[in-house]
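Each chain is listed here by its residues.
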Amino acid sequence: MNPATPAPAARSVAVSQRLMSLDALRGFDMFWIMGGDTIGHALEKMQAADSGIVHLLATQLNHVAWEGFRFYDLIFPLFVFIVGVSLVFSLTKMVEQEGRPAAVKRIVRRAALLWFIGVLYYGGWSEGVDRIRLVGVLQRIALCYLFAGLFFVYLKPRGLLIALVSLLAGYWAMLTFIPVPGLEHASFEEGKNLTNWVDSQFLPFRKWDGTHDPEGLLSTLPAIGTCLLGVFAGLLMRDPRWTPERRVQVLLGAGVAAILLGHVWGLQFPVIKKLWTSSYVLIAAGWSAILFAAFYWIIDVKGISRWAQPFVWIGLNPITIYLLGNLINFDTLAARVLGGPVQAFADSISAGLGLVLISVGGMLLSVLVCWYLHRRKLYLRL
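Residues numbered from 1 in each chain as written. Predicted model: local features only at pLDDT ≥ 70, side-chain atom pairs only at ≥ 80, totals over all residues. Heavy atoms only, no water.

Chemist: What should I look at first to understand the overall build of the protein chain in this one?
Modeler: Secondary structure summary: the protein chain contains 16 helices and 0 strands in total. At 22 Å, the protein chain has a C-alpha radius of gyration in line with the 21 Å of a compact globule built from 382 residues. Here the protein chain, with 382 residues, has 49% of them falling under the buried criterion. The contacts in the protein chain between residues at least 6 apart in sequence include a share of 72% that link residues at least 24 apart. Of the roughly 18300 Å² that the protein chain leaves accessible, carbon and sulfur atoms contribute 65%. Taken as two groups, the 32 positive and 23 negative side-chain charges of the protein chain have centres that lie 13 Å from each other. (Helix = DSSP H or I, 4+ residues; strand = E, 2+ residues; numbered from the N terminus. Rg over C-alpha atoms; globule rule 2.2 N^0.38 Å. Buried < 20%, exposed > 50% of the residue type's maximum accessible area, 1.4 Å probe, protein only. Contact = heavy atoms within 4.5 Å. Areas by Shrake-Rupley, 256 points an atom, 1.4 Å probe, with all protein chains shown as cover. Lys, Arg positive; Asp, Glu negative; His and termini not counted. Charge placed at Lys NZ, Arg CZ, Asp CG, Glu CD.)

Chemist: Looking at this model, I keep getting lost on the packing of aromatic side chains. Mind explaining?
Modeler: To describe a pair of aromatic rings, one takes the distance between the centres and the angle between the planes. Following the criterion strictly, the structure yields 20 aromatic pairs and no others. Residues Trp 32 and Phe 71 carry aromatic rings whose centres are separated by 5.3 Å and whose planes lie at 80° to one another, so their mutual orientation is edge-to-face. Here Trp 32, found in helix 2 (residues 20-47), pairs with Phe 71, found in the loop between helix 3 (53-59) and helix 4 (75-98); they are 39 residues apart in sequence, far enough to count as distant. We classify Trp 32 as buried; its relative accessible area is 17%. Taking the centre distance of 5.2 Å and the plane angle of 85° together, the rings of Tyr 121 and Tyr 122 count as edge-to-face. Across the pair, exposure class does not vary: Tyr 121 and Tyr 122 are buried alike. (Phe/Tyr/Trp six-rings, centres within 6.5 Å; stacked < 30°, edge-to-face > 60°.)

Chemist: Before we go on, may I ask you to explain the environment of Leu 56 in this structure?
Modeler: By secondary structure assignment, the location of Leu 56 is in helix 3. Given the relative accessible area of 48%, Leu 56 is considered partly exposed. Each C-alpha atom, one on Leu 56 and one on Asp 130, is 41 Å from the other, the two residues being 74 residues apart in sequence.

Chemist: How do you make sense of the nonpolar core when you look at a structure like this?
Modeler: Grouped burial of nonpolar side chains is what soluble globular proteins tend to show. Residues Leu 87 and Phe 292 are the most contacted members of the largest nonpolar core, which totals 89 residues. Considering every element that reaches this core, the biggest residue donor is helix 4, with 14 residues. Once you skip the residues sitting within four places of it in the chain, Leu 87 turns out to touch Thr 92, Tyr 145, Ala 148, Gly 149, Phe 152, Cys 227 and Val 231. (Core = buried A, V, L, I, M, F, W, Y, C linked by side-chain atoms within 4.5 Å.)

Chemist: Which parts of the structure should I look at to understand unusual backbone geometry?
Modeler: The general pattern is negative phi for most residues beyond glycine and trans for most peptide bonds. Backbone geometry at Phe 205 places phi at a positive 65°, although glycine is not the residue there. Residue placement: Phe 205 occurs in the loop between helix 8 (194-202) and helix 9 (220-238). We classify Phe 205 as partly exposed; its relative accessible area is 38%. Non-glycine residue Trp 276 carries a positive phi angle of around 50°. On the secondary structure map, Trp 276 appears in the loop between helix 10 (244-266) and helix 11 (278-301). Trp 276 sits in the buried class, given a relative accessible area of 0%.

Chemist: For this particular structure, what's the right way to read the packing of helix 13 (residues 318-327) against helix 16 (residues 353-375)?
Modeler: Axis angle and axis distance: for two packed helices, these are the angle between their axes and the distance between the axes, and together they describe the pair. Taken N-terminus to C-terminus, the directions of helix 13 and helix 16 make an angle of 140°; their axes are 11 Å apart at the nearest point. Between helix 13 and helix 16, the interaxial angle falls into the category oblique. The interaxial crossing formed by helix 13 with helix 16 has right-handed handedness. Of the residues in helix 16, those touching helix 13 at Thr 320, Ile 321 and Leu 324 are Ser 366, Val 369, Cys 370 and Leu 373. Residues of the contact of helix 13 with helix 16, tallied by class, amount to 5 nonpolar, 2 polar and no charged. (Axes fitted to C-alpha atoms, helices over the stretch in contact; angles between N-to-C directions. Parallel < 35°, antiparallel > 145°, perpendicular 65-115°, else oblique. Left-handed = near helix turned anticlockwise from the far one by under 90°. Nonpolar A, V, L, I, M, F, W, Y, C, P; charged D, E, K, R; others polar.)

Chemist: I tried to follow a nonpolar patch on the surface on my own but got confused; where do I start?
Modeler: A cluster of nonpolar side chains, contributed by Leu 327, Ile 328, Leu 333, Leu 365 and Leu 368, occupies part of the molecular surface with about 420 Å² of accessible area. Examined against the element boundaries, Leu 365 turns out to sit in helix 16. (Patch = residues over 30% accessible without salt bridge, like charges linked within 9 Å, V, L, I, M, F, W, Y side chains within 5 Å. Salt bridge = Lys/Arg side-chain N within 4 Å of Asp/Glu carboxyl O.)

Chemist: In this structure, what is going on with the pattern of salt bridges? I would like to understand it.
Modeler: Any two side chains of opposite charge can pair if their charged atoms end up close together. By the definition in use, this model includes 7 salt bridges. Across the pair Arg 133 and Glu 215 runs a salt bridge, and its minimum N-O distance is 2.9 Å. Here the residue Arg 133 occupies a position in the loop between helix 5 (100-121) and helix 6 (137-154), and Glu 215 occupies one in the loop between helix 8 and helix 9, the gap between them amounting to 82 residues. For the salt bridge of Glu 189 with Lys 192, the shortest nitrogen-to-oxygen distance reads 3.7 Å. By relative accessible area, Glu 189 is classed as partly exposed at 46%.

Chemist: Would you mind going over helix 7 (residues 157-177) with me for this structure?
Modeler: Every α-helix carries 3.6 residues per turn, so stepping three or four residues along brings you back to the same face. Counted at 1.5 Å a residue, the expected span for helix 7 with its 21 residues is 30 Å, and the 30 Å between its end C-alpha atoms agrees. Here helix 7 has its buried residues at Gly 159, Leu 160, Ala 163, Leu 164, Leu 167, Leu 168, Tyr 171, Leu 175 and Thr 176. (Expected span 1.5 Å × (residues − 1).)

Chemist: Please explain the packing of helix 9 against helix 11 as it appears in this structure.
Modeler: Packing of helix 9 against helix 11 brings their axes to within 10 Å, and their N-to-C directions diverge by 30°. Regarding the angle of helix 9 to helix 11, the classification is roughly parallel. The crossing of helix 9 and helix 11 is right-handed. Contacts from Pro 222, Gly 225, Thr 226, Leu 229, Ala 233 and Met 237 in helix 9 reach Val 281, Ala 285, Phe 292 and Tyr 296 in helix 11. Residues that form the contact of helix 9 with helix 11 fall into these classes: 8 nonpolar, 2 polar and no charged.

Chemist: Would you mind going over the environment of Leu 168 with me for this structure?
Modeler: Inspection of the secondary structure assignment puts Leu 168 in helix 7. Take Leu 168: its relative accessible area is 7%, and that puts it in the buried class. Through-space distance from the C-alpha of Leu 168 to that of Leu 353 is 46 Å; in sequence the pair is 185 residues apart.

Geometric values such as these leave the question of function open.
This is how it looks when you write it as structure tokens:
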């Protein structure tokens, strides 16, 4: 299928300008990490019921214990997907202006810094060397950026596709056909699968779940695949041959197809976030593509962007606010103003309303910090 040639105006919007929708989507993703989930749970407690729309929505703000998929299971892979989209824009420009060696140097430096910050985020070596967490959220993002970035710099789209299929199919084959030593058959149960076994045998120091880690060694392979799917979305956005409308259609179509394929694959290879199974990769990437299409259409194509400004403020400083959240409890600060008599008065109006006010207040404080940093043009660049 030959893509249509866009009008000059459409080309300039899509290629020349920074995608506000991408910053807004990143901020939307961080919103839930910063406390959006807390607001949802506070509303659920206010309702004090085990049914209804609020309870249903609050349930979506909890991770599935093991197998399955909820909205909150999308937050992490959505960020990894966005990393893949973003690196297409940043690395393409660097390769064109400074060459491939400079791009590789930047990739390695940024990944190393992010990995190190991740180690510090989980306490560093404050509790002893044996309590260092070598893997984690930031460390996984660093590794995904490292390998997806190197793939992007050295491989053409066909090579990227081969790498993606190899990662997802190879991971599926390992977990499906290689049993844990001591077991007769391969298993996807927690503690009895190859991914958890590899962590228990080869991942040193602290592991989040005792003997294994949800961001462990083997499961990083399909996570790189998540980032590569974002790279393909980025390539689509940068290609001047596609009209904005066509880009939206492709993202939506690819998103729906990935979700369906992921669910079908999940019949044999269960959807498990803690193993980052290949079926989970496809479902999460499918929803990520659909959200990206919606944000792009509304903000960049239709120009309806004022509502998204708070998300943009957050999205321009995601690492900063993530690290601040580890050092500062914004809900505790909000409680110093909205707690005590204010909370009691709110609870007298409706039981649990005080907790909702504190949760909303904590969120507003964190958004205010992001607004201030943006206004002062202060951004953490690794």
